[in-house]
Each structure stands twice: as C-alpha cells, then as structure tokens.
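Notes for the structure review
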Amino acid sequence: MHVVNANDVWKTIKRKTILRGASLTVGEGQVYVLAGPNGAGKTTLIRILMGLISMDSGRIEVLGCKPGDPDWDKVKLDIGYLPEDASPYDRLTGWENLRFYAELYSQGDPSKVEEYLENAAAISGLTREELSRRAGGYSRGMKRRLLIAATLMHNPRLVVMDEPTSGLDVFAAYRVKRTIRSMAGKGYTFLITTHDMSEAQELATHIGFIESGRIIFQGTVEDALSAYSAESLEEAFVRAVGDGRS
Amino acid sequence: MGGARTVLWKELKDLSRDYRTLVAVVVLPLIGLPGLALLTGVLVTSQTISLAIVVEDPFMAQNADLLVDAVNSSLQLYGVAANISLYTNLSEVKPGETDVLVYIPNGFYNNLSKIDGQARVIVSILIGSQASELARQAVETTFSLLSQNIVRDRVLKLSDMASVEINPESLLNPIVVQRGFHKVTGAPATGVEASVAQAARILEFSLFFVVNPTVVFMTDSIVGEKERKTIEKLLMAPISRRSLLLGKLAASGILGLLSAIADGIGIIAFFQISGTEFTLSPTIIIVWFAAVVLLVLTTAPLIVFIASRSESVRAAQNASFLVVMIALAIYFSTLMVDLSKLPGPLSLALSLVPFTHAALMIHNYALGEVEAALLNATLMAGYWILLTLIAARSFSTEKLVMYKS
C-alpha cells in the first residue's frame, strides 16, 4: 500500500515554476530519501504533501487522503512532520515543549499525554535535567533532538523530515541519523529530504532524485546504483542529472 | 476546542516568561503612572523660585511684612515655594536673577486712598518658567483680594456720603451665575454626575493603552512564530486553524485585560496622588471594563488579518502602527472633542472605525444615554464577529509558511 502518492505536481511561486510535474511514491515501511541540490523543489514538494501550501495541478494522496480534505485534520494524527530549520519554543522548557505537542496529539486523552511524554523523553536522549531547562538555552543539536522527539512521540504511520541534519555538527547529525535508523528498524515509514548524498546513502531504502522541480529517478538504492552504474548515490545523482540534461 | 485550550496554555506560559512585554504592559502602568504623579508632585513642591518685591511707596513699605505674608499664603495655595526678598529701590534688583518681580511704585498708597484713584503694580515674570507663572497667579490673587477689600471700603464711604444703603457685594458682583447641570435627556444632573462625565473623558483616552499591547502581542504571536520558525510544525499538528486562532485570540484577550486593569489602577492612582479631581462611579467602571473587553476582542482579529497578510515582521509592524495611530487619534481627540457632536459625514466616517464605538460607549453612558451606549456596545460586538470571521478566512497556512524571514 502506498503511504504517499504524488502524481504530476506543478507549482509556481511568484512567477517562478518550482515543481514541474513531480511524481513520487512512498510505500509502507520504506525510508524514502528525496535527494537533490538546494533549490530543486524538495521543501516545496514536502509542504504540498503536508497540505501546507496548495499545488497548481497534480494529484496527491497521503495516507489515503487528499491534503486539505475535511478528514485531513484526522490524518495529521498519523503524521510526524519536522520542517527544515524548525525551532522549539525558546521560552518553554524541553518538557513544556513536549507537553504542548503531546496535548495536541493526544486529543484530550490524559493517559496518552503521559505515554507520549515518556516516548519523547526516550527518543530525545535528553536527560531530565536538560528537559527541565528552557529550550532557548539548548544547542542546535539538542533543539533538533527535542523536535525529533516531538515528531515521533505519537508513533506516527508516516514521518516526514525536511533536511533533518541541516546545520548540525558531526556529533549532533550522527545522533539524529542514529535515531532515524533506530525508528526505521521498528517499521516506521520515513520520507526524508536531503541535499547530502552520503546521508541519503546512509539512511535510504528508497531514493528519489529531484532536480529543477522534476523527480528524475526513484527506486531502491540498489536500483539507483545499478541504473547509473555508480558506486555511490552521489555518483548516481551526478550521472542522473547529466542524463537528464544531455 | 481542546486544541485552542492547549494553544492558550502555551501562549500564556510563553507570555509569563516574556518579562519585557509583561513589564511594559502590566508593571509599567502600575508603577509608572503613580510614580509619575509622585515624581511630579515632589518636583513641583521641591522647586523654589526667587520672588523680589520692590516697595518704593513709603506707606506700603511700612506694611510690607503684611504684603509678604499675604503673598506667601497665596503661594502656598498654588503649591509654590518661594524665597521672597524685599527691596525699597528698583535699582537694587537684578531682573535676570529673580523669577518674579513685583514693583510697587511711589504714589501707590496715595492712589489707593483716593475714592476714585487707581493704583498700579507691576509684576514681571521670567519667561518659560511654569513655577514663575504659578507665582504670578498667586501674586495677582493677592492683589485681587486687596482690590476687593478696597472697593468694599470705597462703597461704604460713598454710601455714607450719599446717605444711602448699598450692599458692597451686590456692587462688586451685580450678576451672580448659578451653575446647574442637566443630562442629554433633559433630566437634571448632580455635580457628582457632572464630575463623572468629565472623568469619563480620561477613561475614553485610556482605551488607547489597551489597543497597543493587543497589537504588539498579536503581531508577535502570528509573525513572531514565523520568524522563530515554530509555525510550520504547529500548523502540521492535529489542530484546526480555527482552534489555533481561537487560542491566540484568547491569549491576546487576557493580556489586553491585564493591561487594562493595570492601566485603570495606574490612572486612578495617578489622579489620587496628584490631587486632581477625578470622580468615578461603580457603573462607569463596569461600562469602561465592558468597552475594554470589546475593544480587545475587536482589535485582536484586526491584527490577525494584517499579520497573516504581512511578508515580514517589519511589514506587520508598519501596518499595525497605522492601526495604533488611528486608535491614538480617536482616543486623544476624546479629551477635547465630543465625538457625538461632529457633523454628519465626519461622524459617519468615524462610526465606521470600531475604536470609535468603544469611546462612545463610555461617553454616552456617562451622559446618561444608556440606550445609545448599548447600541455602541452592540456595534462593537458586531465588528468583533465580522472581524473574527475575516481573520479566520485570512489565516492562510500558505501565507504563514511561505514567509521568508
């Protein structure tokens, strides 16, 4: 069953065409990495998939629902979304940030709030003392771990992360990738964007190459390597773009 | 609705740690306004001016101490402390070194003692000095009282000479103006009611202090979330836009009310401490509070509309500044203008601005026009519903997300 299905999506923003018929399919349990250079349209496509912005044309279904449909607010309960450069509320403590999202995702069920908080604390890897401090004093890595915990706390069917390691140092990025791998091992479905091909290779079971608003390839990592006779995804991407441009 | 409550909890938690906003909105009026009255009082009473009295008239010189006592008494009434120096020759005084100069020339008493004589006294004050101006008024009051006493003596002398009975008071004040008050309905009003109606103008002006924090909070709450990169994740949480908006509007309402209470207490304390007459009745306070609630409820969605259409914090602040200026113009004018007495087109234009009705609500109630005040309240409620619907419609996730800080 397809968790995400986007077909021929077009989007123009301020007279600039960002997406030119982008199509992608994410299956259950996959770690789908949407890889491409900056400005390729990754974030715009993710935002359209999340129903945050509209598309000009195309067809989209996420968890069996079209974004923006009346049932979309219910579907959001099964999605964990981490935007690029997202930040926690600086004046709230780590706990308070987590509680805020736990309250929203629990939909008024107090037992779920406690369950989600426990999940989040475990996923974040932050100590109780660290969680009791205001998030404004956290390092970028700690902030990201807190937000990842808030993204995964409610055991979503689909996890969408836009450039999850962007701007992090080596140690923080390593921790984030370790968390993603660990959750992927538990059967979560991931849709992750990155411009870093080595990161894509580390995380992906499935890969989509996006360039100038088009998905120029999608399939398993092995398919990508074999399709472009490449030893790495970086090499495969360069060849895919070259093929596309030639 | 549960989502709205959660957003409200988050907003209030966040606000409770935003010390700058809290100090500016709540603590500053509570301490600042009474502090201002105290400071002004202390400064006014601690300033000392120099007052030189030059008495060249020999008879007046003999009674100069009585004159100094009389001037001193008047100065105390005006709350002015002065060092008074007596001279017998004008050339002894350096005008630049004295704030107020009172010159009683030779022949002063002679002119006073004639039945139709007119004596002259010269009072010169240092320009640009408020204390000197008060001292001038005190000196003139002294001489005015002296003049009245002399007129009484002259009248009595003339009546003796003419062997007729004359009441000097009737001669001094041939027309007595008896003051009364009435309401717009024509019913008589008491002096207290007149004072409350006058104080209502200050309450109308105080509404401005409610608009400002609401504007600042709402702008920050919407555009600030974009800038701090917290909005996108929040928009993908399972909460409807309506609940999200409701939570934010409720938080701005609470801040607006806190600000109004602080301003109200601050204003009352200001007038109490400064000793200025300021009479309020319990019902006018209730009407003012209702106007504040409606004003906050109306202003917040107006700012949501502006903020959610703004591409940047600066653009939102600039557009919101326009709203603040309109509010300031209306509420400042209430100190001097009767909004209800403006000509048709101007009145119509102002009635299209929701802020006007909050002021008119207080104004009309203070004048005894309860029905008109109720109409203003109803119009405010109408604006609130209309603006909230517009705000909900304009609260577009696309605009919120696409903003580049």
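Keep in mind that this is a model prediction, so the values were computed, not measured. (Residues numbered from 1 in each chain as written. Chains lettered and ligands numbered in written order. Predicted model: local features only at pLDDT ≥ 70, side-chain atom pairs only at ≥ 80, totals over all residues.)

**Details of the overall build of chain A**
We count it as follows: Helix numbers and strand numbers start at the N terminus; a helix is a DSSP run of H or I with at least 4 residues, a strand a run of E with at least 2. Atoms considered for the radius of gyration are the C-alpha atoms alone. The globule rule reads 2.2 Å times the number of residues to the power 0.38. Whether a residue is buried, exposed or partly exposed is read from the other C-beta atoms within 10 Å of its own C-beta, which are placed from the backbone; 20 or more gives buried, 12 or fewer gives exposed, and intermediate counts give partly exposed.
The helix and strand inventory of chain A stands at 10 helices and nine strands. The C-alpha atoms of chain A give a radius of gyration of 18 Å, which matches the 18 Å a tight globule of 246 residues would have. Along the first, second and third principal axes, the C-alpha atoms of chain A reach 55 × 40 × 35 Å. Residue burial in chain A is summarised as follows: out of 246 residues, 49% are buried.

**Side note on the confidence of the model for chain B**
Heads up, the rule is: Confidence scores labelled pLDDT are given residue by residue by the predictor and lie between 0 and 100.
A residue-level look at chain B finds 99% of positions with pLDDT of 70 or above and a mean pLDDT of 87. Reported confidences for the modelled complex are a pTM of 0.79 and an ipTM of 0.92.

**Section: the sheet that holds strand 4 (residues 57-62) of chain A**
Whenever strands of a sheet pair, they do so through backbone hydrogen bonds, lying parallel or antiparallel. All names here are of chain A. We count it as follows: One bridge is not enough; two strands pair if DSSP finds at least two bridges between them. Think of each axis as a best-fit line through the C-alpha atoms, taken over the contacting stretch in the case of a helix, with angles from 0 to 180 degrees between the N-to-C directions. Contact between two residues is assigned when their C-beta atoms, built from the backbone, lie within 7 Å.
A sheet is described by the order of its strands in space; here three strands give the open sequence 2-1-4, paired in antiparallel fashion. The sheet terminates laterally at strand 2 (16-27) and strand 4, the two strands that pair on one side only. If you compare each strand with its neighbour and ignore which way they point, the axes differ by 15° on average. In this structure, strand 1 (residues 2-13) lies alongside strand 2, joined through nine bridges in antiparallel fashion. Looking at the pairing, Ile 13 lines up with Lys 16 of strand 2. Taken strand by strand, helix 1 (residues 42-49) contacts strand 1, strand 2 and strand 4, and its axis lies near 120° from that of strand 1.

**Details of the nonpolar core**
We count it as follows: By definition, a nonpolar core groups buried Ala, Val, Leu, Ile, Met, Phe, Trp, Tyr and Cys residues that are joined through C-beta atoms within 7 Å.
Residues Val33(A), Met153(A), Leu207(B), Ala291(B), Val304(B), Met361(B) and Ile362(B) are the most contacted members of the largest nonpolar core, which totals 152 residues. Per element, the largest residue contribution to this core is 15 residues, and it comes from helix 12 (residues 282-308) of chain B. Not counting chain neighbours up to four residues away, the residues in contact with Met361(B) comprise Val287(B), Ala291(B), Ala373(B), Asn376(B), Ala377(B) and Met380(B). Listed in part, the 24 residues of the second largest apolar core include Met60(B), Val102(B), Phe108(B) and Ala119(B).

**Details of the sheet that holds strand 3 (residues 100-104) of chain B**
Residue and element names in this part refer to chain B. Read from one edge of the open sheet, four strands run 2-1-3-4, paired in mixed fashion. Each of the sheet's edge strands pairs with one partner strand only, and the pair in question is strand 2 (81-87) and strand 4 (122-125). For this sheet the average axis-to-axis angle between neighbouring strands, irrespective of direction, equals 15°. As judged from the five bridges shared by strand 1 (residues 48-55) and strand 3, these two strands associate in the parallel manner. Bridging from a neighbouring strand, Val 54 pairs with Tyr 103 of strand 3. Along the sheet, helix 4 (residues 64-77) contacts strand 1 and strand 2; its crossing angle with strand 2, the most-contacted strand, is approximately 165°. Here helix 6 (residues 130-162) sits on the sheet and contacts strand 1, strand 2, strand 3 and strand 4; the angle it forms with strand 4, its principal contact strand, is near 165°.

**A word on the environment of Tyr383(B)**
Residues and elements named next belong to chain B. Along the polypeptide, Tyr 383 turns up in helix 16 (residues 370-394). Here the alpha-carbon distance between Tyr 383 and Leu 145, two residues 238 residues apart in the chain, equals 57 Å. Every residue in contact with Tyr 383, bar those within four places of it in the chain, is listed here: Thr 298 and Pro 354.

**Focus: the pairing of strand 1 of chain A**
Two faces, one strand: in a regular strand the side chains alternate between the faces of the sheet. All names here are of chain A. Counting the residues in the hairpin turn of strand 1 and strand 2 gives two residues, including Lys 14, whose phi is positive at 50°. Looking at chain direction, strand 1 and strand 4 are connected through five bridges and run antiparallel. Bridging from a neighbouring strand, Asn 5 pairs with Glu 61 of strand 4.

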